[in-house]
Amino acid sequence: MSRAEVEAGAEAVRVGDTEVRKPSPLWTFGLFRSELLTTFRRWRTIALLAVLAAVPILIGIAIKIETRDGSTAGGGGEGPAFISQITNNGLFLVFTALAATLPFFLPMAIGVIAGDAIAGEANAGTLRYLLVAPAGRTRLLVTKYATTMTFCLVATLVVALSALTVGALLFPLGELTTISGTRISFTEGLGRALLIALVVAASLIGVAALGLFVSTLTNSGIAAMATTVGLLITIQILDQIPQLHALQPYFFSHYWLSFADLMRDPVYWDDLVRNLGLQGLYAAVFGSAAWARFTAKDITA
C-alpha cells in the first residue's frame, strides 16, 4: 500500500498533545487485500499453483494409459486410496489427487508461502515500512496468517478443480460407491468432494502457523522457507518409524489422510475430529510463539 493509502485509511486520535493515527476497519481490509494481491501476483506463487494443478493431470493421464487395455488401475492394491475406482468414475480422481498431494506438495507450497511471510519482507527491506503504517505488529501478523490460510484454501481447490476437470474429460461420471459399499448420487459425491477439499485445507493450518513462526526467527526468506520445508520432511519421516508410535498421534501430519473417512457411510468422525483438534492446537501454540517473537523482535530491515 502507498503512504497516501495508509494516511487515508487511518483515523486521527489525539492523546494529550500527541496525535496518534488509528487504523480503521476499512484500512484493515485494505491491508489484507493488498497482501492477497501481492502474494498471488508473485511468479513463485503462480508456479506453485501450476505444479499443484499439474499433479492431477499427470495422475489422470498415467491411469488412462495404464488402463487403455481394459485393466483396472491399482488392481494389486498399489497407489493411494480410491485409485482403483477412477476408471469407473472420474470423480475419484479428486480424492486420489488430494491424497497424493497432501503428504508433500501441498504442505511444501504452504511452507514456502508461510516461511516467506515475515522473513521475505525483512529481506526485501519493506518490513519497517509496513510497521510505519498504523497497523501494529499484531494486526500485520494476523493479516499475514490470514493470507497464508487463504492460499491454503486456494491451493487445495486448485488441486480439486484440476482433478475434477481431468476426471470428467478422461473417465465416465456417475453414481459413486463409498468405502462402505453403499451407493450415493453424483451430486452428493460432489458435495463430499468439496467437504473433503475444505478438510484438507483445514489440515494445513498447523503447517501455516509453524511456517509463520519460523519466518519471525530470521531475516532471510530463503532460510525460513528451507527450514519450514525441512521440518515438514523430518516430521513425515518420523511419522513412518514404528518405534515412535507413541509420539506419532501428536505429529501434525498423522491424521492428514483421515479425510477418506468422509467417503464412508456413515461417516467416521473420530480421526477427523482428532485431526482438526490437533491442527487447532498447533495453530494456537505456534501462532502464539510467532506473536511473542514478532512483537518483541528488533526490526532492522
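Right, let's walk through the structure included here. Quick caveat, the model's predicted, so the values are computed rather than measured.

Nonpolar side chains in soluble globular proteins tend to be buried together. With 63 residues, the main nonpolar core has Val94, Phe95, Phe151, Ile196, Phe252 and Phe259 as its most contacted residues. In contact with Val94, other than residues within four places in its own chain, are Ala160, Ala163, Leu164 and Ala193.

This paragraph deals with unusual backbone geometry. Between Asp265 and Pro266 the backbone carries a cis peptide bond, its omega angle lying at 5 degrees. Relative to the helices and strands, Pro266 is located in the loop between helix H11 (221–238) and helix H12 (270–296).

Here the focus is the environment of Ala99. Structurally, Ala99 is set in helix H4 (residues 92–101). Expressed as a C-alpha distance, the spacing of Ala99 and Phe259, which sit 160 residues apart in the sequence, is 8.8 Å.

Moving on: the packing of helix H10 (residues 205–215) against H12. Where H10 meets H12, the closest approach of the two axes is 8 Å, and the angle between their N-to-C directions is 15 degrees. By the angle between their axes, H10 is roughly parallel relative to H12. Between H10 and H12 the crossing geometry is left-handed. For the pair formed by H10 and H12, the contact residues are Ile205, Gly206, Ala209, Leu210, Leu212 and Phe213 on the first element and Gln279, Gly280, Tyr282, Ala283, Phe286, Gly287, Ala289 and Ala290 on the second.

With the rule as written, the count across this model stands at three cavities of 30 Å³ or more. At the level of secondary structure, the elements contributing two or more residues to the lining of the largest cavity comprise helix H2 (25–41), helix H6 (119–124) and helix H8 (137–170). Ranked by the residues each element gives to the lining of the largest cavity, the list is headed by H8, at three residues. Each residue belonging to the lining of the largest cavity can be placed in one class, and the counts come to two nonpolar, four polar and six charged.

This brings us to the pattern of salt bridges. Evaluated as defined, the whole model comprises seven salt bridges. One salt bridge in this structure joins Arg192 and Glu188, with 3.1 Å as the shortest N-O distance. Of the two residues, Arg192 and Glu188 are both situated in helix H9 (residues 186–202); the distance of four residues between them amounts to about one turn of the helix. Judged by relative accessible area, Arg192 falls into the buried class, the value being 12%. Residue classification places Glu188 among the partly exposed positions, given a relative accessible area of 36%. The salt bridge involving Arg274 is made with Asp271; its shortest N-O contact spans 2.7 Å.

The next point concerns the packing of aromatic side chains. Each aromatic ring pair is specified by the distance between its two centres and by the angle formed by the two planes. Under the defined criterion, the tally for this structure stands at seven aromatic pairs. Between Phe40 and Phe151 the ring centres are 6.0 Å apart and the planes differ by 40 degrees, which places this aromatic pair in the tilted class. Here Phe40 is found in helix H2, whereas its partner Phe151 is found in helix H8, with 111 residues between them in sequence. Both rings, one in Phe252 and one in Tyr282, keep their centres 5.4 Å apart while their planes meet at 90 degrees; by these two values the pair is edge-to-face. Here the residue Phe252 occupies a position in the loop between H11 and H12, and Tyr282 occupies one in helix H12, the gap between them amounting to 30 residues. In this structure, Phe252 and Tyr282 share a single accessibility class: buried. Aromatic rings pair up to connect Phe213, Phe252, Trp256, Tyr282 and Phe286 into one cluster.

The rules behind these values
Residues numbered from 1 in each chain as written. Predicted model: local features only at pLDDT ≥ 70, side-chain atom pairs only at ≥ 80, totals over all residues. Heavy atoms only, no water. Core = buried A, V, L, I, M, F, W, Y, C linked by side-chain atoms within 4.5 Å. Buried < 20%, exposed > 50% of the residue type's maximum accessible area, 1.4 Å probe, protein only. Contact = heavy atoms within 4.5 Å. Helix = DSSP H or I, 4+ residues; strand = E, 2+ residues; numbered from the N terminus. Axes fitted to C-alpha atoms, helices over the stretch in contact; angles between N-to-C directions. Parallel < 35°, antiparallel > 145°, perpendicular 65-115°, else oblique. Left-handed = near helix turned anticlockwise from the far one by under 90°. 1 Å grid on protein atoms, 1.4 Å probe; cavity = no way out; pocket = protein on both sides within 12 Å on 5 of 7 lines; lining within 4 Å. Points joined across faces, edges and corners; volume = space filled by probe spheres on them. Nonpolar A, V, L, I, M, F, W, Y, C, P; charged D, E, K, R; others polar. Salt bridge = Lys/Arg side-chain N within 4 Å of Asp/Glu carboxyl O. Phe/Tyr/Trp six-rings, centres within 6.5 Å; stacked < 30°, edge-to-face > 60°.

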